[in-house]
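# Coordinate analysis (summary)
Here is what each chain is made of, one letter per residue.
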Amino acid sequence: MSSERYALAEYQSRAVEALTGVIRKVAEYHNDRPQHRQEIALKSGVTLLQSPTGSGKTLVLGRVLEGLRGALSRPVVWFWFAPYAGLVTQTRDAIVDQCGALRVRDISKDREPIGTRDGDVFVQTWSAVAANNKDARKVRRTKESALSLDDMIETLRDDGFFVGVVIDEAHLNFGASAKAAADFYLNALKPDFTILSTATPNDDKLEAFEDKAGIEVASRVIVPRSDVVEAGLNKEGLMMGVIHMSDADRDLVDHEQATLTAGWTQHQRVRERLRERGITLTPLMLVQVEDQTAGGDDPVDRVREKLIEVGVSEEAIATHTSGQPDPDFHTLAYDPDKEVLIFKVAVATGFDAPRAWTLVSVRPNRGKEFGLQIVGRIMRVHPLIRPFHGQDTLLDRGYVFLTDPAMQAGLDAAVEEVKAVRQSIELVTDRLDIVEFGNATKPLMSSSTVITSQLSPDTPATDGERKARLSRLIENGVVLPKVANFPIDEQNRAIQAGETLLDLNSTSLFGNLPQQERQVEAEKIPQKQQYHGYPLRKDISIPTSLWRELPPEPTSLNDLVEDIAKAFFRSSNAINLLQKRKTKAKMNLKDLFTEDISEEVDLRLYLSNARISEKAQLAFKFNDSIDTRFLKRAMVDELRRLVDDNGIDAEETDLRRAIDLAVMFEPEKLKEAVKYAQGRNSRLSDSEPIPELYKGPVGLVTATKSAYGVFPSRMNKEERALAELLDTDDTGTVLWWLRNPENERWATRLLLPSGKNFFPDFVVGVKGRSTPNSIALIEIKDDGATGRLQSDRNLEKIRVQHRKYNKVFWTYRNDTGTWVKAEYSEGLNRIVDRDKYEVVQMVYD
């Protein structure tokens, strides 16, 4: 550290003057009214210094204490509390370096009142003196060799000393130990003066301490950030980095690694600018990670590995893993061989890292205090940069990158807080009430509670409304689930009336209906349907069986996957994807303090092998009948053969990544390859005969060309309409027609690339058609005017054709009621109308 004594900036001098004046005034109160010492100390003797992180609060406070030596009617001994052990060392060094008139003492080793002089400073944490641990107990216990801290303070007070307290980083100093700290503050320290210091005003922990200690902040010295910037101690702006990438790449990139890449890219830009200016300074990138969960992976190790993948040298990475900062942690900030510092502890530790420009946070914090401390950690200006302050846009700003965009809310709030700060010394009149909303437990309503329905009693409730209201009543304890067993009308009536289960039990099953009406209800139950067997006609040329496509035999699965692999790589771009490691993206930097300042930077983001593999699993899983392990092995072998033929060196991991990328980028090519391979390997069978009898309801309407002489039951409106069109054909084209039922063993079917079966709706004998038994297949849709026609399943079905019966004819009626012919458009990837559907088209198409 430098031994040069810093000259105070103008705002620092004003703050020192203001704080010194307050202490002197309070000292006068104590001298004039010694009988009211405690009231003066607690109500008038507490002052708050609110100043941005990096503005030199420690220097200001040290100079205040130094300036009070010999300036009061009595000597003062000071107790300075830092929130963490690491900051104790940092504070002691700063006082020794910049406030030479003060003497720093160690409370654990030196508790001798004799020899104490005006301006002596004991720097420690609250836990060192006000906690239930061994060290604190030792300090607070009198032994033959040393007084207890409590006795030493009392002795000094008896010797005429004022007792002063400095609570640095006051927003951090309390929390869980607030009660113990308050007890020590009131009953042992009993300070005459208290100076609180914070960059984060109105903190709930600070208020908790005020409440428990019974103190009031009587005056406040506020330093605006603009003064600190003007003095060259804070950077001019804070830029938030946002990554923009294509939708296709978004799922293939590890967002945490992408954020680290963005931060490292900006870090390198800063490093290069420093070199251009001839400044021998190594910039520092801070990376804050979350705390480790029980049994979970260490986030420090995870982030270190990702940084190394990004291109950071392992030797340039320092880490901090202890629960609290230690002296070594702070010295890391000054080690020029370290360019990245990963740490777990909350960013609001107040540690000094003036060579830090960039911070990446993967910790899920969102509060304003988090934002204020981020501003502080990377907003300090290194002494070597001050000669250029305000002259270099890149070096005059800090940069923050967050893996969770929701965390920006904390930054925005912090920026607004900093903007609003004004310079003054004022009475404290503002308070921030913080309300935390929890999960309130609703009391169960009694069985006599009546809930009024929002529907009029005359308004019949829909089934959905009835279920929703019934659920609410059951939730609130008004009725029990058994109510659902009552008739719907009775449930509606009971819910509208707010009746309970007891009320319903007192009502007969059919309400107040007379006995005769109950009998009528019973008579409405349909009688058992009577069925008849309709024989397969022998007077028309109907085949005895239909050709069905069946999956390959298990013994030929190797041939299937090998054919898929060969077919896929005949058209795939997989070889060109072997070297695809990164993807292009944009980093948008926007200044949070000045909205009109922004910048766009090109990024190259690593594709995540884990993400690629994960997303590729979904692309492979469109056919459950094909084992993806065998298919991937066949594809790796085929791609290996291709790269060897082309003299390309590639590891198996490279091959697998290229295959995964190709499958994701070209999913239709894989489906086409499967379709082709299934065509080569699937089986054809006509071993299941068409049934001799069709069992249907008695009295079906006669059909002239139907295979069973009637229109089958269970056809929807559109299917029946097409059957009638076929049956009344007078062109001589339709010889016969047969309803092709789904999932019947004898029905004809097509094997889809997904491995599922497609059963066209009708099998038709067409005069002059050159297929076995002159058969054509027809699929009819009743949803041509809706989006259901364009479903993935339909788009898959319309693109296959039967190995024996060729293409399937698709038709539906348009808005005018005309039957239209539907076909697949490759360019649009949609099913479109081609022209009017006519039965004669089935002869040659």
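Worth saying up front: this structure is predicted, and the values here are computed from it rather than measured.

### Digging into the sheet that holds strand β8 (residues 237-244)
Within the open sheet, the eight strands sit side by side as β10-β11-β9-β12-β13-β8-β17-β18. Their pairing is mixed. Looking at which strands have only one partner, the edges of the open sheet turn out to be β10 (317-320) and β18 (598-606). Averaged over all pairs of adjacent strands, the angle between strand axes in this sheet comes to 25 degrees, irrespective of strand direction. Bridge count for strand β9 (residues 284-288) against strand β11 (residues 340-343) is four bridges, and the pairing is parallel.

### So, the nonpolar core
V287, L307, V340, I342, I564 and M635 are the most contacted members of the largest nonpolar core, which has 74 residues in total. Core analysis: the second largest hydrophobic core is formed by 38 residues, L19, I23, I40 and W78 among them.

### Regarding the confidence of the model for the protein
Detailed reading of the predicted coordinates is not advisable wherever pLDDT falls low. On average, the protein scores 80 in pLDDT, and the residues at 70 or more come to 77%. Across the protein, strand β24 (residues 762-766) holds the top mean pLDDT of 98, while helix α18 (residues 501-505) sits lowest at 39. Confidence drops under pLDDT 50 across residues 473-486; counting only partners more than four residues distant or on other chains, this segment forms 35 contacts. Note on residues 493-525: pLDDT under 50 across the span, and 42 contacts to partners over four residues away in sequence or across chains.

### As for the packing of helix α3 (residues 57-68) against helix α4 (residues 85-98)
Each pair of packed helices can be described by the angle between their axes along with the distance between the axes. Where α3 contacts α4, the axes come no closer than 10 Å and their chain directions differ by 55 degrees. Between α3 and α4, the interaxial angle falls into the category oblique. For the crossing formed where α3 meets α4, the hand is right-handed. Counting all contacts with α3, which are made through T58, L59, R63 and E66, the residues of α4 involved are T91, A94 and Q98.

### Side note on the pairing of β8
Burial of β8 is extensive: six of the eight residues sit out of reach of the surface. Bridging between β8 and strand β13 (residues 397-402) involves five bridges; their strand directions are parallel. Residue L238 lies in a different strand from β13, and its bridge partner there is G398.

### Quick notes on the pattern of salt bridges
Counted under the stated rule, the structure contains 56 salt bridges. A salt bridge links R92 to D106; the nearest nitrogen and oxygen atoms lie 3.8 Å apart. With a gap of 14 residues between them, R92 in helix α4 and D106 in the loop between β3 (103-105) and β4 (120-124) connect regions that are remote in the sequence. In this structure, E638 and R641 form a salt bridge, with 2.5 Å as the shortest nitrogen-oxygen distance. One end of the pair is E638 and the other is R641, both in helix α22 (residues 628-645) and three residues apart, which spans about a single turn. Here E638 falls in the buried class, since its relative accessible area comes to 9%. If you follow the salt bridges from partner to partner, you end up with E668, K671, E672, K675, R799 and E826 in one network.

Scoring rules and cut-offs
Residues numbered from 1 in each chain as written. Predicted model: local features only at pLDDT ≥ 70, side-chain atom pairs only at ≥ 80, totals over all residues. Heavy atoms only, no water. Pairing = 2+ DSSP bridges. Helix = DSSP H or I, 4+ residues; strand = E, 2+ residues; numbered from the N terminus. Axes fitted to C-alpha atoms, helices over the stretch in contact; angles between N-to-C directions. Core = buried A, V, L, I, M, F, W, Y, C linked by side-chain atoms within 4.5 Å. Buried < 20%, exposed > 50% of the residue type's maximum accessible area, 1.4 Å probe, protein only. pLDDT = per-residue confidence, 0-100. Contact = heavy atoms within 4.5 Å. Parallel < 35°, antiparallel > 145°, perpendicular 65-115°, else oblique. Left-handed = near helix turned anticlockwise from the far one by under 90°. Salt bridge = Lys/Arg side-chain N within 4 Å of Asp/Glu carboxyl O.

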